[in-house]
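# Per-entry structural report
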Amino acid sequence: MNVTRSFHDRNDEEQKLAIMRKAFQMFDTKKTGVIETIKIATILNTMGQLFDETELNTLITKNDPDRTGQVDFDGFCEIANHFLEEDPDDESTQQELKEAFRLYDKEGNGYITTGTLKEILRALDDKLTNRELDGIIAEIDTDGSGTVDFDEFMEMMTGD
């Protein structure tokens, strides 16, 4: 394993842990160090994670063997980590995104318009308001060109 990859992995792990800690703390309103297991599905949804209900219940039972209805941060991490595992095949993800980008770049110019991107984002999350969409577009189209090239698209979709 090369050093850069190792550093990147550690950095990703720290970032993932920080996100999980923040999510846990949001639901540990009384600051007791535990959260109710019934809230874990809500937390995963909030984090945008897909999960299988049966699988989730199995993990909850494993981390709450006495059926107290609560888990501590470590138990929560073990459950959430199961669903937060990233696709180890980054190359296929990039290929899928490239194909998706090509679908919208009908003329093959190497870019899509911010209007097209707005339609894509609206299709992904119909709860986004126009103002939120404009904010996202402004963040991505930093040069104000009105277009998004593949690298900008990749960065938006993968957060890299």
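A brief look at the structure comes next.

Conventions used here
- Residues numbered from 1 in each chain as written.
- Predicted model: local features only at pLDDT ≥ 70, side-chain atom pairs only at ≥ 80, totals over all residues.
- Heavy atoms only, no water.
- Axes fitted to C-alpha atoms, helices over the stretch in contact; angles between N-to-C directions.
- Helix = DSSP H or I, 4+ residues; strand = E, 2+ residues; numbered from the N terminus.
- Parallel < 35°, antiparallel > 145°, perpendicular 65-115°, else oblique.
- Left-handed = near helix turned anticlockwise from the far one by under 90°.
- Contact = heavy atoms within 4.5 Å.
- Nonpolar A, V, L, I, M, F, W, Y, C, P; charged D, E, K, R; others polar.
- Phe/Tyr/Trp six-rings, centres within 6.5 Å; stacked < 30°, edge-to-face > 60°.
- Buried < 20%, exposed > 50% of the residue type's maximum accessible area, 1.4 Å probe, protein only.

This part is about the packing of helix H3 (residues 53-63) against helix H4 (residues 73-84). The geometry of H3 relative to H4 is characterised by a closest axis approach of 9 Å and an angle of 155 degrees between their N-to-C directions. Relative to H4, the element H3 lies roughly antiparallel. Here H3 and H4 pass one another in a crossing that is right-handed. Contacts between H3 and H4 involve Glu55, Leu56, Leu59, Ile60, Lys62 and Asn63 from the former and Gly75, Glu78, Ile79, His82 and Phe83 from the latter. Each residue belonging to the contact of H3 with H4 can be placed in one class, and the counts come to 5 nonpolar, 3 polar and 3 charged.

Now for the environment of Ile136. As for its placement among the helices and strands, Ile136 is situated in helix H7 (residues 130-140). When the C-alpha atoms of Ile136 and Met156 are compared, they prove to be 9.3 Å apart, with 20 residues separating the residues in sequence. What Ile136 contacts, discounting residues up to four positions off in sequence, is Leu121 and Leu128.

One can find Ile140 in helix H7. The spacing of Ile140 and Met156 is 16 residues in sequence and 7.0 Å in space, taken between C-alpha atoms. Non-local contacts of Ile140, meaning those with residues more than four positions away in its chain, are made with Leu117, Val148, Glu152 and Met156.

Counted by the stated rule, this structure contains 4 aromatic pairs. On the basis of an interplanar angle of 65 degrees and a centroid distance of 6.0 Å, the ring pair of Phe51 and Phe83 is categorised as edge-to-face. Of this pair, Phe51 sits in the loop between helix H2 (40-46) and H3 while Phe83 sits in helix H4; the two residues are 32 residues apart in sequence, bridging distant segments of the chain. Aromatic side chains Phe101 and Phe150 sit 5.5 Å apart centroid to centroid with 75 degrees between the ring planes, which places their arrangement in the edge-to-face category. Of the two residues, Phe101 sits in helix H5 (residues 90-104) while Phe150 sits in helix H8 (residues 150-158), which places them 49 residues apart along the sequence. Look at Phe101 and you get buried, because its relative accessible area is 5%. One aromatic cluster is present, formed by Phe24, Phe73 and Phe76 through successive ring pairs.

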